[in-house]
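Breakdown of the fold
The residues making up each chain are set out below.
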Amino acid sequence: MAFDLDMIKNVYDRYSARLAAARKATGKHLTLTEKILYAHLSEGDAKTAFGRGVDYVDFAPDRVAMQDATAQMALLQFMQAGRPQVAVPSTVHCDHLIQAKIGATEDLSTAKDVNKEVYDFLASVSDKYGLGFWKPGAGIIHQVVLENYAFPGGMMIGTDSHTPNAGGLGMIAIGVGGADACDVMAGLPWELKFPKLIGVKLTGKLSGWTSAKDVILKVAGILTVKGGTGAIVEYFGEGARSLSATGKGTICNMGAEIGATTSIFGYDEKAATYLRGTKRADIADLANAVAEHLTGDPEVYANPADYFDQVIEINLTELEPHVNGPFTPDLAWPISKFATAVKENGWPVKLEVGLIGSCTNSSYEDITRSASIAKQAIDKHLKTKAEFTITPGSELVRYTVDRDGYLDTFAAMGGVVLANACGPCIGQWARHTDDPTRKNSIITSFNRNFAKRQDGNPNTHAFVASPEIVTAFAIAGDLTFNPLTDTLTNDKGEQVKLDEPLGIEMPVKGYAVEDAGYQAPAEDGSKVEVKVDPKSARLQLLDPFSAWEGTDIFGLKLLIKAKGKCTTDHISMAGPWLKFRGHLDNISNNMLIGAINYFNNTADSVKNELTGEYGPVPATQRDYKAHGIGTVVVGDENYGEGSSREHAAMEPRHLGVRAILVKSFARIHETNLKKQGMLGITFADASDYDKIQEDDTIDIIGLTTFAPGKQLSVVLHHKDGSTDSFPVNHTYNAQQIEWFKAGGALNIIRRQMAS
């Protein structure tokens with residue numbers, strides 16, 4: 001569990017020389033983002049020209065973090081790489097597989113029983129290959145990383161899209177798929193397209209009901225769910241320095257919802273305070289010694305338009321609390337306009353459940369601010385009208401807030417404390433409802449609110465807000481209630497108003513915990529045996545994907561033309577499917593079952609050209625595969641938005657889909673497709689999407705001369721005998737084309753390790 005101080009010293013030792021070279025090469029002052037990226041160029045890429053004109057660049061991250069749902073597939077891939085131990089510090093965190101149903105104690109006990117096979121596998125693999133293992137109940141990966149491993153100026157990759165949470169402590173932390181993690185754990189460089197830079201200048205200071213969460217809710221409204229794609233968001237200014245480290249983590253965490261590669265704040269006194277408070281004073285001392293390298297140059301922040309591709313300015317003093325949703329995290333409503341929006345749009349006014357916590361908002365500060373509202377409900381004789389749940393982010397936070405009496409406060413106002421896990425945020429929620437078909441509203445302090453994400457119900461209108469706003473709404477049970485201005489009727493018939501929340505940034509008595517839940521790896525992993533039962537329904541050893549046949553691809557069928565938003569939740573649902581994350585064939589039975597078929601406006605219903613009948617997407621694809629027929633999936637804008645789950649790329653690869661053709665990709669999903677040897681291509685003209693017909697046979701031409709920057713062609717053979725053809729674009733570089741030819745990046749890694 002101990003942080004590697006020598007590793008951090010080595011990182012900081014690189015800064016002076018690397019940044020001097022960068023300044024000389026570019027002749028410019030540097031943003032914080034550029035400083036960290038330049039300091040982490042891999043040795044093999046050290047001669048790459050500094051500057052923003054480069055394309056894909058190789059980096060050497062300092063560590064890897066994986067959550068249990070994605071770690072299964074990542075480590076199954078790593079087992080094929082041929083290394084005796086991971087090359088960089090790596091950890092596994094058991095947070096996704098615990099279903100919220102009754103309460104923390106009961107749910108955790110059930111999870112340990114139901115998921116024993118998977119937990120034993122992850123623990124043994126960690127033992128064998130030298131990974132730190134955080135047991136179920138220890139906490140949510142991003143909160144645990146912030147408390148133990150994040151450090152200013154570092155670089156980390158993680159197999160979860162909200163890995164950028166560590167940006168709250170000044171770390172470049174990027175969500176990736178398991179194949180990327182496998183590369184880094186195998187000691188290979190990690191590739192990233194050099195990002196654009198978005199600067200967010202924060203002025204003023206938060207007060208009253210407004211919190212750090214409202215900053216990112218506002219930014220999401222400005223940039224939308226794809227406005228940050230291909231960019232790193234760097235926050236700066238006096239307002240940034242006034243925010244707590246955990247508040248900054250909240251903002252960076254939810255940067256995933258705007259498609260950003262990552263988000264980051266510079267090192268400051270708030271970061272130092274948090275490091276010291278979490279028993280990492282040695283890191284704060286090291287950071288203080290190189291503080292000039294851990295923030296952007298003053299000249300950059302004085303003239304941000306000269307250094308960033310886009311600049312946004314937000315005055316925290318004037319910022320209102322926000323509520324975002326429903327169904328998308330970028331539909332942003334200032335609290336003063338939210339009630340009107342609810343009425344005008346006909347959204348269910350009655351609030352059924354309020355949920356606080358998750359990886360986004362589960363810090364000590366979050367809990368204390370929410371508890372101050374809960375205490376008012378008790379003192380002012382208000383009865384909580386909606387169900388209310390609390391998800392602590394880690395055992396460290398849970399134990400500390402319990403010691404300080406805040407969990408008792410929540411219990412007294414009717415709240416239920418859930419396990420230190422993701423739970424409802426990712427659909428791991430056995431929701432209590434009398435009618436799952438009824439339109440209803442819930443509000444959370446989570447990060448995502450896609451349809452069906454929390455409870456599998458397409459009729460659930462999910463809204464996102466800060467924990468204190470969620471708590472106030474839960475007390476009122478009414479989405480038209482504005483806690484800043486409105487009153488509530490208490491048990492005595494009196495009109496009472498909630499006072500502004502009060503929070504404590506760091507516990508006065510310090511953090512405390514009896515058992516944080518960490519298990520160190522075995523000293524000699526060579527003696528550890530990892531067993532996978534061939535009959536297991538939950539774990540399956542991987543077979544290598546086949547290499548490209550060396551020709552253009554002809555005679556493909558259309559599997560589905562997806563209409564509208566198609567996130568990784570649509571492509572590979574979570575919830576009950578999480579139990580199959582280590583078994584590629586079984587989890588492939590959820591492939592694209594949430595996507596809407598353009599031709600019948602129905603989910604999980606596509607035409608099988610072999611039979612002429614409509615059926616489930618996975619079954620139809622399996623039939624094509626059994627007959628040796630490849631297929632194409634067609635999609636809309638920002639295809640693959642959302643979670644980093646590489647299963648959304650591996651499932652179509654496993655079942656025989658040959659290409660994904662869309663208007664545009666979300667970053668992580670496009671990379672995941674490439675890593676698995678899939679062909680991910682985009683319409684050169686988005687209107688060509690309209691040419692795709694249900695009964696088309698499809699050819700992909702130009703693969704024999706596949707090259708960076710060179711278009712491919714798609715030929716559509718329509719049922720009436722006519723044809724259409726059009727060019728398509730791709731973003732493959734030379735190395736990624738080799739992944740495609742080899743049948744996946746892992747096939748190349750295996751060859752390299754064997755040679």
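Calculation rules
Residues numbered from 1 in each chain as written. Predicted model: local features only at pLDDT ≥ 70, side-chain atom pairs only at ≥ 80, totals over all residues. Heavy atoms only, no water. Axes fitted to C-alpha atoms, helices over the stretch in contact; angles between N-to-C directions. Helix = DSSP H or I, 4+ residues; strand = E, 2+ residues; numbered from the N terminus. Parallel < 35°, antiparallel > 145°, perpendicular 65-115°, else oblique. Contact = heavy atoms within 4.5 Å. Pairing = 2+ DSSP bridges. 1 Å grid on protein atoms, 1.4 Å probe; cavity = no way out; pocket = protein on both sides within 12 Å on 5 of 7 lines; lining within 4 Å. Points joined across faces, edges and corners; volume = space filled by probe spheres on them. Nonpolar A, V, L, I, M, F, W, Y, C, P; charged D, E, K, R; others polar. Disulfide = S-S within 2.5 Å. Buried < 20%, exposed > 50% of the residue type's maximum accessible area, 1.4 Å probe, protein only. Core = buried A, V, L, I, M, F, W, Y, C linked by side-chain atoms within 4.5 Å. Phe/Tyr/Trp six-rings, centres within 6.5 Å; stacked < 30°, edge-to-face > 60°. Lys NZ or Arg CZ within 6 Å of the ring centre and 35° of its normal.

For the pair helix 10 (residues 245-253) and helix 11 (residues 269-277), the least separation of the axes is 8 Å and the interaxial angle reads 105 degrees. With respect to each other, helix 10 and helix 11 are oriented roughly perpendicular. For the pair formed by helix 10 and helix 11, the contact residues are Ala245, Thr246 and Lys248 on the first element and Lys270, Ala271 and Tyr274 on the second.

The six strands are arranged 6-5-2-3-4-21 in an open sheet whose pairing can be described as mixed. Every other strand in the sheet has two partners, leaving strand 6 (172-175) and strand 21 (518-519) as the edge strands with one partner each. Pairing between strand 2 (residues 63-67) and strand 5 (residues 155-158): three bridges, direction parallel. Looking at the pairing, alanine 65 lines up with glycine 158 of strand 5.

With that settled, consider empty space enclosed by the protein. Evaluation of the coordinates by the stated rule reveals nine cavities of 30 Å³ or more. In this structure, the largest cavity spans a volume of roughly 180 Å³. Around the largest cavity sit 19 residues that line it, and Ala256, Gly259, Ala260, Gly642 and Ile668 are the ones nearest its centre. Per-element accounting of the lining of the largest cavity gives the leading share, three residues, to helix 23 (residues 667-675). Empty space within the second largest cavity amounts to approximately 140 Å³. Lining of the second largest cavity is provided by 19 residues; of these, His96, Asp160, His162, Ile426 and Arg453 occupy positions nearest its centre. Per-class residue counts for the lining of the second largest cavity are seven nonpolar, seven polar and five charged.

Further remarks concern the state of the cysteines. Each disulfide consists of one covalent bond between the sulfur atoms belonging to two cysteines. Enumeration over the complete set of coordinates arrives at zero disulfides. Left unpaired, cysteine 182 is separated from the closest cysteine sulfur, that of cysteine 94, by 19 Å. Judged by relative accessible area, which is 1%, cysteine 182 ranks as buried. Of the cysteine sulfurs around cysteine 566, a residue in no disulfide, the closest is that of cysteine 425, at 20 Å.

Here we come to the nonpolar core. The nonpolar side chains of a soluble globular protein tend to be buried with one another. Formed by 152 residues in total, the largest nonpolar core has its most connected members in Tyr12, Met66, Leu75 and Phe473. Beyond its immediate stretch of four places on either side in the chain, phenylalanine 473 contacts Val323, Ile335, Phe338, Leu351, Ile443, Asp478, Leu479 and Phe481. If you look at the next biggest cluster of nonpolar residues, it comprises 27 residues, including Val200, Ile216, Met254 and Val464.

A word on the packing of aromatic side chains. Taken as a whole, this structure holds 25 aromatic pairs when the rule is applied. A ring pair is formed by tryptophan 134 and tyrosine 149, whose centres lie 6.3 Å apart and whose planes are at 85 degrees; its orientation type is edge-to-face. Taken together, the residues span a long stretch of sequence, with tryptophan 134 in strand 4 (residues 132-134) and tyrosine 149 in the loop between helix 6 (141-148) and strand 5 at a distance of 15 residues. With respect to class, tryptophan 134 is no different from tyrosine 149; both count as buried. Grouping aromatic residues by their ring pairs yields a cluster made of Trp333, Phe338, Trp347, Phe463 and Phe473. The ring of tyrosine 598 is capped by lysine 561, whose NZ or CZ atom sits 4.0 Å from the centre of that ring. Sitting over the ring of tyrosine 732, lysine 674 keeps its end group 5.0 Å from the ring centre.

Interpretation note: all reported values are geometric properties and have no functional meaning in isolation.
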